[in-house]
Every structure is written in structure tokens, then in C-alpha cells.
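# Geometric and topological summary
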Amino acid sequence: MAPEDFARVAVMLNPRPGEPTTVDSHVGGPLLWPADEPWPWCEGAAHYTTGDDIPEEAVVGVRTPFVGAAQLYRRDFPELPFPDGTDLLQVLLCTLYHDVREAWGPDVRLVWRDSTSVTELIDAPRPEWQEEDYVLTPNVLEPVRCTEYAMPPDRPEPLRDEEWPEVPHGSKAGGWTRWYNALPREMECPECGSVRRQTLALGGGEPSGHSIGWDLGRQANLNVFTCPQDVRHPIKVNLD
Ligand SMILES: [Zn+2]
Ligand SMILES: [Zn+2]
């Protein structure tokens, strides 16, 4: 087996400062969300706060609206596993700390949508409190494709010591996970048992040196894994 057997295309989002609208692929801009569909809220049971800025009673157990974090149109990211009849992937975050094993950090929701069915737009609610680390700045995207090779935790045992090109940090669709401290765990889909696959990363730093506003420390990525059988099965989130 050679590195080529473990090659995947990654589409680096390559975010650039800009003023994206609902009809653009973007990070940190407004979502194309229909007025007649309820906006997602986090129930808040797992919320906690560490700093002095946010009082505990303001967030612990407090229902909080998700925040639009990114949206990716099929025309710009055809490599993403869009279900039939959809052409838009939307990423929402609950921008508070969540005390959840293996998935601490912001809570993540993915929505796969048919953009052509949206006519009237919602007036999205804004949370009263957000952890500053998780507030994204508006960015337009200039996707760049590259080939990535699995890092040692994703290779079979005999290939783990081989030196292959590094998986770069940064926001991307597809590709391999940039493992740093964590290891692949509980990757099986609880619904069907398939091994979930790296689908999306939001980066704490970009290869260009630009930042989307995250402050996750040491350029960490927020990795989102989806089920290869059905992307609407439960996702797995890992901050590493
Ligand atoms: Zn939450
Ligand atoms: Zn599944």
C-alpha cells in the first residue's frame, strides 16, 4: 500500500474578508433560512462558562439560539455529499462552551437544504451571550483543491511510521482529519454502525495566515464527521 491509496481531495475554504450575503458560500455571514421554518435553539443543559464575562446563570440551563457559522453551495463545493434534492449545506453553532465528553466546545448543527425552495427569509434570533472565541467574522470563500494523505491514526498499523505529507490546518470540506491531541474514537454512527468520515473543518488558523475569528488555541480545527450512508444520521464533532 502506498500513500496514493490514502489520498483524498480536500477543498480548502480559503476564507477572505468580505461582505457575503445569503446567496453566497461563506463563513460568518447570513444564512438562507426560510421564514416558515423554526430557527434551531440549544436547550442549554450542557452549557458552562469559564471567564468573568458571562455570568453562569445567564447560560447554564438557558435556551439559546444557534448562530449561522457557514454555508456552502453545491456549485462551489460539488465534492460534498449533498443528499438528492439539496444544494446548500448550512452550519450552525451554539457559541457557548458545552460540557460534553469528546465534543466539548460549541454545539454544531448541519442542515442540508434545497435553496430553490426558499422564498421569504427569516429574521434570525441572536443570542444574548456568546463566547468570544467562537464568534466568526464574515468571510467570502475562494476554494482551493489539494490532495491530503491520512495521518498515522487513520492508517493501518504497518503504515503508521511512514513519513507522508502533513495534513494542513485550516477550514475545508472533505480531506483527512488533522489529528493533534485527540484520536479517532466513537466514530461509528449510532444509527447504522458505519464509520463516520471527515466532512468539514472550521480552522483556528488558515494556511494563508488569515483568521476567521476563532480563538481555539494552536490553530485547532473544529472537525465535523458525517455518516457515509446518510449525512442526516447523527454527526460527530471533535475539537483538536
Ligand atoms: Zn448550547
Ligand atoms: Zn449512519
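In the block above lies the structure referred to throughout.
A word on the pairing of strand 13 (residues 197-203). Within strand 13, six of the seven residues are buried, leaving the element largely enclosed by the surrounding structure. Relative to strand 13, strand 12 (residues 172-174) is paired through two bridges, and the arrangement is antiparallel. Counted as the bridge partner of Ala173 is Leu200 from strand 13. Sheet topology note: the strand 13/strand 14 (residues 221-226) ladder contains six bridges and is antiparallel. Directly across from Leu202, in strand 14, lies its bridge partner Leu222.

Before going further, it helps to spend a moment on the coordination of the zinc ion (ligand 2). For the zinc ion (ligand 2), the full set of protein donor atoms is Cys189 (SG), Cys192 (SG), Cys227 (SG) and His233 (ND1), at a range of 2.1 to 2.3 Å. Along the chain, the residues donating to the zinc ion (ligand 2) are arranged with the sequence spacing C-x2-C-x34-C-x5-H.

Below, the discussion takes up the environment of Asp161. Positionally, Asp161 belongs in the loop between strand 11 (144-149) and strand 12. For Asp161 and Gln71, which are 90 residues apart along the polypeptide, the C-alpha to C-alpha distance reads 37 Å.

Going through the model one piece at a time under the given rule, you end up with seven aromatic pairs. Arranged with centres 5.5 Å apart and planes meeting at 85 degrees, the rings of Tyr97 and Tyr134 form a pair that is edge-to-face. Here Tyr97 is found in strand 8 (residues 88-98), whereas its partner Tyr134 is found in the loop between strand 9 (105-113) and strand 10 (139-141), with 37 residues between them in sequence. For the pair Tyr97 and Tyr134, a shared accessibility class is recorded, and that class is buried. Looking at Arg113, its charged tip hangs above the ring of Trp33, at a distance of 4.5 Å from the centre. Between Arg155 and the ring centre of Trp164, over which it is positioned, the NZ or CZ distance is 3.9 Å.

Here we come to the coordination of the zinc ion (ligand 1). The protein atoms that coordinate the zinc ion (ligand 1) are Cys42 (SG), His47 (NE2), Cys94 (SG) and His98 (NE2), at distances spanning 2.0 to 2.3 Å. Taken together, the four donor atoms coordinating the zinc ion (ligand 1) span angles of 102 to 117 degrees at the metal, a pattern that classifies the geometry as tetrahedral. Read from N- to C-terminus, the donor residues coordinating the zinc ion (ligand 1) fall into the pattern C-x4-H-x46-C-x3-H. Of this pair, His47 sits in strand 5 (residues 47-48) while Cys94 is found in strand 8, placing the two residues 47 residues apart along the sequence.

With that settled, the discussion passes to the sheet that holds strand 14. Reading across from one edge, 11-1-12-13-14-15 is the order of the six strands in this open sheet, with antiparallel pairing throughout. In this open sheet, the two strands that pair with only one neighbour each are strand 11 and strand 15 (236-239). For this sheet, the mean angle separating the axes of adjacent strands, direction not counted, is 20 degrees.

Now for the side chain of Glu131. Within the secondary structure, Glu131 is located in the loop between strand 9 and strand 10. Buried charge without a salt bridge: Glu131, with Arg126 as the nearest opposite-charge side chain at an N-O distance of 14 Å. Ignoring sequence-local partners within four residues, the contact set of Glu131 consists of Tyr48, Thr49, Thr50, Ile54, Thr95, Leu96 and Tyr97.

Attention now goes to the environment of Asn238. Inspection of the secondary structure puts Asn238 in strand 15. C-alpha of Asn238 to C-alpha of Ala201: the two residues are 37 residues apart in sequence and 9.5 Å apart in space. Filtering out sequence-adjacent residues up to four positions away, Asn238 remains in contact with Glu102, Trp179, Ala182, Asn221, Leu222, Asn223 and Phe225.

As enumerated under the stated definition, the model contains seven salt bridges in all. Notably, a salt bridge pairs Arg113 with Glu37, separated by 3.0 Å at the nearest N-O pair. Note that Arg113 is positioned in strand 9 and Glu37 in the loop between strand 3 (26-27) and strand 4 (41-42), a separation of 76 residues in sequence. The buried category is assigned to Arg113, whose relative accessible area is 6%. With a relative accessible area of 28%, Glu37 lands in the partly exposed category. Two residues, Glu43 and Arg63, come together in a salt bridge whose shortest N-O distance is 3.4 Å. With Glu43 in the loop between strand 4 and strand 5 and Arg63 in the loop between helix 1 (56-59) and strand 6 (64-65), this pair connects stretches of sequence that are 20 residues apart. You can call Glu43 exposed: its relative accessible area is 52%.

Criteria and cut-off values
Residues numbered from 1 in each chain as written. Chains lettered and ligands numbered in written order. Predicted model: local features only at pLDDT ≥ 70, side-chain atom pairs only at ≥ 80, totals over all residues. Heavy atoms only, no water. Buried < 20%, exposed > 50% of the residue type's maximum accessible area, 1.4 Å probe, protein only. Helix = DSSP H or I, 4+ residues; strand = E, 2+ residues; numbered from the N terminus. Pairing = 2+ DSSP bridges. Donors = N, O, S within 2.8 Å, 3.2 Å for Na, K, Ca; no water. Phe/Tyr/Trp six-rings, centres within 6.5 Å; stacked < 30°, edge-to-face > 60°. Lys NZ or Arg CZ within 6 Å of the ring centre and 35° of its normal. Tetrahedral: all angles 85-135°; square planar, octahedral: opposite > 155°, others 65-115°. Axes fitted to C-alpha atoms, helices over the stretch in contact; angles between N-to-C directions. Lys, Arg positive; Asp, Glu negative; His and termini not counted. Salt bridge = Lys/Arg side-chain N within 4 Å of Asp/Glu carboxyl O. Contact = heavy atoms within 4.5 Å.

Structural measurements only, silent on function.
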